[in-house]
Amino acid sequence: MRRILSMLLILLCLPGFSLGETLICDASSPVHEMSDTLYGLFFEDINHAADGGLYAEMLQNRSFENEDITNPSLYQHLNGWHFNILAGGEGKVTLKTEEPLHENNPHYVRVQVAKAGYAFQNLGYGGSAFRGGICIEKGESYDVSLWLRGAAEDGYVEAALTTKAGEPLSSPVRFNVTDRWEQHTGVLTSLAAAEDACLTFTVSSAVTVDVDMASLMPRNRVGAAWPGGGLRRDLVEALKDLHPRFLRFPGGCVVEGSWVWDNLYRWKDTVGPVEQRKENWDTWGYMQSYGIGFYEYFCLCEELGALPLPVVGGGLLCQAREPYENPMNDEELAAWTQDILDLLEFALGGQDTAWGALRGEMGHPAPFDLRYLAIGNENWADIYFTRYEKISAAVKAAYPDVTCIVACGPVADGSLFNASRARILRSFPDDITDEHYYMESGWFLRNTHRYDYYPRRTKIFLGEYAAHEPAAGGRRPNNLYSALCEAAYLTGIERNSDVVVMCCYAPLLARLGMEQWTPDLIWFNGNQVVRTPNYYIQQMFSSTLGDQIIQSEMTDEKGAAVKEAAAGLYHVASKTEDGRVYVKLVNVSGQEKKINVQVQGTDRVKGIMTLLTGEKQAVNTVSQESVSPAQKQVAFPDGWAEITLPGYSAAVIALQ
Ligand code: AHR
């Protein structure tokens, strides 16, 4: 007792020391290795994440393929286009399919001009599905292209950036029409900034021209040399700043197809020359151009320094849309399995293999660094596991170094989850289990110890998660509180990063006004990017990934272990091989907390603290960033520092 009292006296004499919670971290006591793939991203074309988003293409329905396969109608093929927009122009437009530029791209329009000056335009992506509006910057250059075929070689088509009324926003470029399908390219430089520009084509004289596959992309983009044409730079930067270790792609529900097999995501439709890719109706209700196909995906992984983690269908349609899951029979499954093996050959095969050679032709003769393959999305029950078993056996036999990932349903608990988990433990103990759950924010606080009880040899991929706040105006907000609940949960994930080897928030991207799902990590419009509080939590945690978890314990002023949920305080500590120490603290209570932090077992006494705080309900918008991380120096003289955590805050201290 006397010893405790005298220690307390010594502590009270230390500069800045006060009674309150004490967190003692010991860098000389490692607990376990951390997964070096812990934090990654999940990219799915939902909310126009790809088309109208990351994909640099600024035109919508550029190839007249737009068609809702669940409700086909001719009208949709002309969505996003306006014809005969100038007074005085005379002519007619017809949707055609005879002798298209490629069988995978069957629709085009025939424009029969009766009087010179006939003009038509693509409206791009606007704030709502087909309102249109292309964002352009003054003085920026844009690559424009168009496929044309004419009845005679005596006409030309001019392309220019204009207003909706046809007033010029750039000088035009001229494309001479020939009598066979040909791609014409040019560069447009904008004379003014605009948020509702159009790409307008004007036909020179009374000729007939067939038109397909128009394109407009900013010259300043990432991956301009990739066959798909490249990606929006500001969004790529936002992804890079998250330091992702892996990139899951292309879904999500997008992988599975809904209702009909035509809707299944088939990777072969997404590679090769972009005008030969076979577009598909997205599970989320719009056409996928596949301008970001599997080749561009693998290139993006390299660009981000992330490992690829492709997902392929598990041999049945979406089970959430049951009873339409329509499982493949043996013959269909064998063909599907071959498709999957072909994908692996596309990524890993030599130049002497058919699919490896296609990768080389597309610009990447060296193999991609593919180590994981997820088979199925949110599947469960025998109908899935029997098919998973067959597909994964074939993959393991052909590619023993590729680790298979097995789906464990779409929920966090309950009988469906328990049965799936038991089945996986029994039948696929060496594979990684893919768990998905979207829960209300409080659930994440109550479940930070979920993985403490998992057998240590189990390997978990938390492939989709997000804290859901009550919806307002039809949207669940990305507010600070939801982000802090996720941060609290991540302390539990890090503490269990021997079991949880990967995790990623979902969904990643959403175009404002065109979303199908909320919340989302990053919001954007035509020229702005909104990093949400949830984004900043991901960034703070993933940019400070340790190599080992170290011992840490928080006690109250009486020396009793702090109960996380009761105190609203969560923590975890780790260190890197080169001796950096990371202490992560989350305060989900509204009260300021002063924590006496001691870091033992290191001689590092200076660090940087990154703090995220604000109003509980604060959100970031295009006009205001209310919540963003701030950094300050912190000193640990004698290994101690008093850290003030404002109410509703998360802090990462990096002792460098
Ligand atoms: O992330 C949005 C959707 O949620 C995914 O497509 C699906 O896997 C899940 O149900």
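Residues numbered from 1 in each chain as written. Predicted model: local features only at pLDDT ≥ 70, side-chain atom pairs only at ≥ 80, totals over all residues. Heavy atoms only, no water.

Novice: Which parts of the structure should I look at to understand the site of the ligand?
Specialist: The local shell around the ligand consists of E44, I46, G252, C253, W284, N377, E378, Y438, E464, A506, P507 and W517. Between an oxygen atom of the ligand and a main-chain N or O atom of C253, the distance comes to 2.9 Å. At a separation of 2.8 Å, an oxygen atom of the ligand approaches a polar side-chain atom of E378. For the ligand, the accessible surface in isolation is 280 Å², of which the surrounding protein chains cover 94%. Classifying every residue of the shell around the ligand by side-chain character gives 7 nonpolar, 2 polar and 3 charged. (Near = heavy atom within 4 Å. Polar contact = N/O pair within 3.5 Å; in protein donor to acceptor, adjacent residues only side chain to side chain. Areas by Shrake-Rupley, 256 points an atom, 1.4 Å probe, with all protein chains shown as cover. Nonpolar A, V, L, I, M, F, W, Y, C, P; charged D, E, K, R; others polar.)

Novice: It is not clear to me how unusual backbone geometry should be interpreted in this structure. Could you clarify?
Specialist: Negative phi is the rule for most residues except glycine; trans is the rule for most peptide bonds. Here the bond from G251 into G252 is cis, since omega is 15°, no more than 30 degrees from zero. On the secondary structure map, G252 appears in the loop between β16 (246–249) and α4 (253–256). One non-glycine residue with positive phi stands out, namely N84, at about 50°. Look at N84 and you get partly exposed, because its relative accessible area is 32%. (Helix = DSSP H or I, 4+ residues; strand = E, 2+ residues; numbered from the N terminus. Buried < 20%, exposed > 50% of the residue type's maximum accessible area, 1.4 Å probe, protein only.)

Novice: Any chance you could explain the pairing of strand β9 (residues 156–162) here in plain terms?
Specialist: Extensive coverage of β9 is indicated by the burial of 5 of its 7 residues. Two elements, β9 and strand β10 (residues 173–176), share 4 bridges in a ladder whose sense is antiparallel. Within β10, the residue paired with Y156 across the bridge is N176. Bridge analysis of β9 against strand β12 (residues 194–203) gives 6 bridges, and the strand direction is antiparallel. The partner of L161 across the bridge, within β12, is L199. (Pairing = 2+ DSSP bridges.)

Novice: Can you help me understand the environment of R180 in this one?
Specialist: Mapping R180 onto the fold places it in the loop between β10 and β11 (182–189). Of the residues examined, R180 reaches a relative accessible area of 48% and is grouped as partly exposed. In the structure, R180 is positioned 33 residues away from W147 in sequence and 9.6 Å away in space, judged by C-alpha atoms.

Novice: Explain helix α5 (residues 294–304) here, please?
Specialist: Since the α-helix advances by 3.6 residues per turn, residues separated by three or four positions end up pointing in the same direction. For α5, the buried fraction is high: 9 of the 11 residues fall into the buried class. Within α5 the residues assigned to the buried category are F294, Y295, E296, Y297, F298, C299, L300, C301 and L304.

Novice: Help me understand the packing of aromatic side chains in this model?
Specialist: Within a pair of aromatic rings, the relevant descriptors are the distance that separates the centres and the angle that separates the planes. Applying the stated criterion across every chain, the model contains 39 aromatic pairs. One aromatic cluster is present, built from ring pairs that chain together F43, F249, Y265, W267, Y290, F294, Y295, Y297, F298, F346, W355 and F368. Geometry around Y108 places R149 over its ring, the cationic atom sitting 5.4 Å from the centre. Between K616 and the ring centre of Y481, over which it is positioned, the NZ or CZ distance is 4.5 Å. (Phe/Tyr/Trp six-rings, centres within 6.5 Å; stacked < 30°, edge-to-face > 60°. Lys NZ or Arg CZ within 6 Å of the ring centre and 35° of its normal.)

Novice: When you look at the sheet that holds strand β33 (residues 630–635) in this model, what are you seeing that I'm missing?
Specialist: Strand pairing within a sheet occurs via backbone hydrogen bonds; the two strands may be parallel or antiparallel. The strand order across the open sheet formed by 9 strands is β33-β32-β35-β30-β29-β28-β1-β31-β34, and the pairing between neighbours is mixed. Only two strands of the sheet have a single neighbouring strand rather than two, namely β33 and β34 (640–645). Each strand of the sheet is rotated relative to its neighbour by a mean of 25°, with strand direction disregarded. On the sheet, helix α11 (residues 480–495) packs against β1 (21–33), β28 (548–555), β29 (569–575), β30 (581–587), β32 (606–613) and β35 (649–655) and is oriented at approximately 45° with respect to β29. In this fold helix α12 (residues 533–542) packs onto β30, β32 and β35, with an angle of close to 160° to the strand it touches most, β32. (Axes fitted to C-alpha atoms, helices over the stretch in contact; angles between N-to-C directions. Contact = heavy atoms within 4.5 Å.)

Novice: Sorry, what's going on with the domain arrangement of the chain here?
Specialist: Frequently, the measure chosen for interface size is the accessible area that the parts lose on association. The assigned domain composition of the chain is domain 1 (2–33 + 547–655), domain 2 (41–55 + 230–542) and domain 3 (81–220). Taking the mean C-alpha position of each, domain 1 and domain 2 sit 33 Å from one another. At the junction of domain 1 and domain 2, the tally comes to 2 salt bridges. Across the pair E494 and K584 runs a salt bridge whose closest N-O atoms are separated by 2.6 Å. Viewed at the interface, domain 2 and domain 1 are joined by 10 residue pairs in polar contact (both at pLDDT 80 or more). Elements represented by at least two residues in the side of domain 1 that touches domain 2 include exactly β1, β29, β30, β32 and β35. Residues that form the side of domain 1 that touches domain 2 fall into these classes: 15 nonpolar, 12 polar and 6 charged. (Domains from an automatic or database assignment. Salt bridge = Lys/Arg side-chain N within 4 Å of Asp/Glu carboxyl O.)

Novice: What am I meant to see in the pattern of salt bridges here?
Specialist: Opposite charge on two side chains permits pairing when their charged atoms draw close. The full count for this structure, using the stated rule, is 31 salt bridges. Linking D430 and R457 is a salt bridge whose minimum nitrogen-to-oxygen distance equals 2.7 Å. Here D430 is found in the loop between α9 (415–427) and β22 (432–440), whereas its partner R457 is found in the loop between α10 (441–446) and β23 (460–468), with 27 residues between them in sequence. We classify D430 as exposed; its relative accessible area is 59%. Residue classification places R457 among the exposed residues on the basis of a relative accessible area of 54%. One salt bridge connects D452 with R495, and the closest N-O pair in it is separated by 3.8 Å. On the criterion of sequence distance, the pair formed by D452 in the loop between α10 and β23 and R495 in helix α11 is long-range, its members being 43 residues apart. Exposure remark for D452: the relative accessible area of 29% places this residue in the partly exposed category. A network of salt bridges, in which partner residues are shared, links R110, R149 and D210.

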